[in-house]
Amino acid sequence: MTGRAPRRRNPFADMAVANVSVIDGDPDSAEITVTTDAMRTAFSFLDDYLDAREDAEDTDRDPGGTVIALLGDYGLGKTHMSVRMVARARARLGNPRSAMYLDAAAADFLSLYKRFMTALGPAGVVAQVNDYYADKVAAALEPSGLTKDDVRALTGAHAQGSADDVRWRDIAKELGLLESVLLRQVRQTLAGVTANEDFAAALTLLLRPGFGDAVWNWLMGGRPDPILVDRGVTKTIDDDLVALEALRVFALLLGGRDHRFVLVIDELDKIFSAQHAPGHAEMAEFQELLQVATKAGACLVLGGLPEVWAALSGPVRARIPHPVRLSGLTEQEITDFILRTQEATLGVRTLDPFTPPVVRTIRMVTRGNPREVIRLCHRAFRLADDRRRETGAPVPVDDALLHQANTDLVGQPSGDDIRDQIARVLTGGGWDHSRDRMLGARSDSNVDFWVRFPRRQSGCALVLTPALLVEADVDAAVGRIIAIRGVEPHAVVLPVITGTPPDIAVARVREQLGYEPVLYRQATFVDDLVTAVETAMARLPELDTGDPVAQVLTQTDQIIRRMSTMHRDLVEQMQHNIERVETAVTRVPPPAPPAVEDDAPGGGLPQEVAGLFTAAVAALSALTTLDPEVVRAFDAGDYEAAEPALAIVEHPDVVAAAGTGRLLIDVVHRFETAVATWFDRHPGAADTAARLALEGICNVYDGLAEYLPTFRLVPLARVPGRPDDALARVEDALGNLSFRVRRQVLRSVGVR
């Protein structure tokens, strides 16, 4: 025993990645939801659609469908909101197939279509076609007094599984109906609904025994079997245009016939972006998809980065009546999140160890980005709790501790690195600048960069400033601003503040400047600096245009800008040529990661539970292995051949990341072993003691995994040969792992 105070459980997630797997349950049981203005707006559009469809059932009025776009930067909660919209729609409609979530895992519509079909499944397709058959049977029996609901009850009750299991043929025979006539009528109806003979023929064949596998293979992109070709199915769903056409067909099937259907397509920026913009044909087909889906009465929800909106054509944007732009959390929303998270996890609704001033700093540092807020709270809470255990007294999260937490998360480049980055921005923008300029005799009038603007009476002084964590740093920053203005009264002074400054320190600097300083944030620094320099130029008074010196400066400015544009165009053309060469080169795929032995006792875990552990270990192994470079080096057996491997392992951050990954694999294996032991000790049990034991196992995993956060694996993602999505797969596999394991374990013993 060390005598140290016990460790407190960290209520904040370390990765803050939305959990898509909780759609069918209560999403808020896994993740705290702060209702923002954007969420209220999106929910109101969804509710309007659902309410209008319900009203239409009573008034025989076709309300049509709608399209909602969720636009926001990384980490603002697009997926979080999408999951809740799907769960909300399913709860209202009472049918899991009435609302679906898809993410654009690859940059093409064909992959998106295949994910859609996999989610819908053969049973879902059969159920839709069987409904059309029920309509025809009901119409034929209308004189007998049987209603459409009666017939659907007879056929729909058996529409689970393959078409062979449906008893509609027996029912039709019992009612004296001719099967061939009904099938012909269904095909004619489907042809009219889908405006596509291939789909009408293939879908109708699902109602006949022996065709299910052939039709499903064709729907998933396979070439049509001869038995399908003989019946008029000729095309293959093997490119984006045909995939969009297929999506349009299913939008008509699922959204029509007075049904309500909500389809969420997340991460659309993988398909629509400035770097990867579909051609005119694909854009026109996507436009047709939106038009047809809304006309059929479906609701499409499209999520993506803000650049998606600019990448869409004008006619496509015109068919999206409800764009919703997400923004960062406010101070009050961050406070609410901290209170509710600690209440849900620790049982106490408290802001401690955070304080209102620190919440303001969190808002300033993260700009309210929910993912960054959660990760920063997670790290700050752990640092405060570790210090509490060392000192034996409560330790609040102050600005200094928050600065350390932020540095732990995102790192902090050196002053020289930041200066080099500033120089690249100024050079790329064509601004006339000099480095390390003395504006006067006093040492504190030295500036890191002096930027001059033609036709302006003065310039812009960029001054690299520390994080302002102590009063002396603030006084020094204010004194430097005063000294520079004493030498250059008209100059615009722009302090570039590194680290995580407290709110009150920024306020003092802002008061001296009369405007906002520049806060160094790696993700947005380039855009922030460009905006600040352009704004500085606008603040400077202009020279007299009649002055011959001003005229020379104007001409010089035009030449510089023209040369900058030519340089940028040349670089872009060279990059384009390099990409073409790289595309033409056939890359040898890396070998599969080595299998990891499973030491779980008994090997008797339910498939759903074992699959969670298998996915986690596989994702970690794929990221952390140093193959194939190391294998090639040993196979060659000479030092020169080891150069590619040495180029990897010589980086300490890569080695540390690999160690973290291997430790994570060990932790996941031990977690799996403990869960398997739980099954041995509590076979089929779901009493209080068993549930408490399971909760303890999951808490142990959470405690260990907290000290092995996945952000430490980021250096491995940059190692050559790693799949682009290797890190994302790890985050998906480990995201809320203990929660998902606990849920699947309890489900396996009958607890829902």
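Residues numbered from 1 in each chain as written. Predicted model: local features only at pLDDT ≥ 70, side-chain atom pairs only at ≥ 80, totals over all residues. Heavy atoms only, no water.

So, the overall build of the protein chain
Logical step 1: Along its length, the protein chain carries 30 helices and ten strands.
Logical step 2: For the protein chain, buried positions account for 48% of its 752 residues.
Logical step 3: When contacts within the protein chain are restricted to residue pairs at least 6 apart in sequence, those whose partners lie at least 24 apart make up 72%.
Logical step 4: Carbon and sulfur atoms provide 53% of the accessible area of the protein chain, an area that totals close to 35800 Å². (Helix = DSSP H or I, 4+ residues; strand = E, 2+ residues; numbered from the N terminus. Buried < 20%, exposed > 50% of the residue type's maximum accessible area, 1.4 Å probe, protein only. Contact = heavy atoms within 4.5 Å. Areas by Shrake-Rupley, 256 points an atom, 1.4 Å probe, with all protein chains shown as cover.)

Here's the deal with the sheet that holds strand β6 (residues 432–438)
Logical step 1: With mixed pairing, five strands are arranged side by side in an open sheet as β6-β7-β8-β9-β10. Edge positions in the sheet fall to β6 and β10 (518–519), since each has one partner strand and no second.
Logical step 2: Relative to strand β7 (residues 446–452), β6 runs antiparallel, the two being bridged by six bridges. What sits directly across from H433, in β7, is V451.
Logical step 3: Helix α19 (residues 471–487) rests against β7, β8 (459–465) and β9 (492–497) of the sheet, and its axis sits at about 160 degrees to β8.
Logical step 4: Across the sheet, helix α21 (residues 525–539) lies against β8, β9 and β10, angled at about 165 degrees from β9, the strand it touches most. (Pairing = 2+ DSSP bridges. Axes fitted to C-alpha atoms, helices over the stretch in contact; angles between N-to-C directions.)

A short note on the packing of helix α14 (residues 331–346) against helix α16 (residues 370–391)
Logical step 1: For the pair α14 and α16, interaxial distance at closest approach is 12 Å and the crossing angle is 55 degrees. With respect to their mutual orientation, α14 and α16 come out oblique. At the point where α14 passes α16, the crossing takes the right-handed sense. Here α14 contributes I334, F337, I338, Q342 and L346 to the contact with α16, which in turn contributes V373, I374, C377 and F381.
Logical step 2: For the contact of α14 with α16, a count of residues per class yields eight nonpolar, one polar and no charged. (Parallel < 35°, antiparallel > 145°, perpendicular 65-115°, else oblique. Left-handed = near helix turned anticlockwise from the far one by under 90°. Nonpolar A, V, L, I, M, F, W, Y, C, P; charged D, E, K, R; others polar.)

Thoughts on the packing of helix α26 (residues 652–681) against helix α27 (residues 688–706)
Logical step 1: It is the contact of α26 with α27, at a shortest axis distance of 10 Å, that shows an interaxial angle of 175 degrees. Here α26 lies roughly antiparallel to α27, going by the angle between them. When α26 is examined against α27, the residues V667, V668, F671, A674, V675 and W678 are found in contact with a partner set consisting of A690, A693, L694, I697, C698, Y701 and L704.
Logical step 2: Residues belonging to the contact of α26 with α27 are distributed by class as follows: 13 nonpolar, no polar and no charged.

Focus on the side chain of T236
Logical step 1: Turning to its location among the elements, T236 is positioned in the loop between α9 (226–229) and α10 (240–255).
Logical step 2: When sequence neighbours within four positions are dropped, the list of residues in contact with T236 reads W218, G221, G222, R223, P224 and V242.

Observations regarding the sheet that holds strand β5 (residues 322–325)
Logical step 1: Judged by pairing direction, the sheet is parallel, and its five strands sit side by side in the order β2-β3-β4-β1-β5 without closing on themselves. The sheet is open, and its two edges are formed by β2 (99–103) and β5, each paired on a single side. Along the sheet, successive strands turn relative to each other by an average axial angle of 15 degrees, direction set aside.
Logical step 2: Note that β2 and strand β3 (residues 261–266) share five bridges and pair parallel. Bridge pairing in β3 places M100 opposite L263.
Logical step 3: Its contacts with the sheet place helix α2 (residues 78–93) against β1 (66–71), β2, β3 and β4 (298–304), and it is angled at close to 160 degrees to β2.

Comments concerning the environment of I362
Logical step 1: Here I362 lies in helix α15 (residues 356–366).
Logical step 2: Take I362: its relative accessible area is 0%, and that puts it in the buried class.
Logical step 3: Between the C-alpha atom of I362 and that of I374, which follows or precedes it by twelve residues, the distance is 9.9 Å.
Logical step 4: The contact partners of I362, leaving out residues within four places of it in the chain, are I334, F354, R367, V373, L376, C377 and L402.

Concerning the confidence of the model for the protein chain
Logical step 1: Confidence along the protein chain averages 80 in pLDDT terms, with 80% of residues attaining 70 or more.
Logical step 2: Within the protein chain, helix α22 (residues 548–584) has the poorest average pLDDT of any element, 46, and β5 the best, 96.
Logical step 3: Counting interchain partners and residues more than four positions distant, the pLDDT-below-50 stretch residues 157–166 has 18 contacts.
Logical step 4: Of the regions scoring below 50 in pLDDT, residues 554–602 engages in 38 contacts with residues more than four places distant in sequence or in other chains. (pLDDT = per-residue confidence, 0-100.)

Quick notes on the pattern of salt bridges
Two side chains carrying opposite charge are able to pair once their charged atoms lie near each other.
Logical step 1: Counted by the stated rule, this structure contains 27 salt bridges.
Logical step 2: Of the charged contacts, one joins R115 and D103 as a salt bridge, the two residues approaching to 2.7 Å between their closest N and O atoms. You can see R115 sitting in helix α3 (residues 109–140) and its partner D103 sitting in strand β2, a full twelve residues away along the chain.
Logical step 3: Judged by relative accessible area, R115 falls into the partly exposed class, the value being 34%.
Logical step 4: Here R382 and D386 are joined by a salt bridge, their closest N and O atoms 3.9 Å apart. (Salt bridge = Lys/Arg side-chain N within 4 Å of Asp/Glu carboxyl O.)

Comments concerning the packing of aromatic side chains
Logical step 1: Summed over all chains, the structure comprises 13 aromatic pairs.
Logical step 2: When the centroid spacing of 5.6 Å and the interplanar angle of 65 degrees are considered together, the rings of F109 and F272 count as edge-to-face. Taken together, the positions of F109 in helix α3 and F272 in the loop between β3 and α11 (280–296) put the pair 163 residues apart, joining distant regions of the chain.
Logical step 3: Joined through ring pairs, the aromatic side chains of F12, F337, F354 and F381 make up one cluster.
Logical step 4: Here R325 stacks its cationic end above the ring of W309, 5.5 Å away from the centre of that ring. (Phe/Tyr/Trp six-rings, centres within 6.5 Å; stacked < 30°, edge-to-face > 60°. Lys NZ or Arg CZ within 6 Å of the ring centre and 35° of its normal.)

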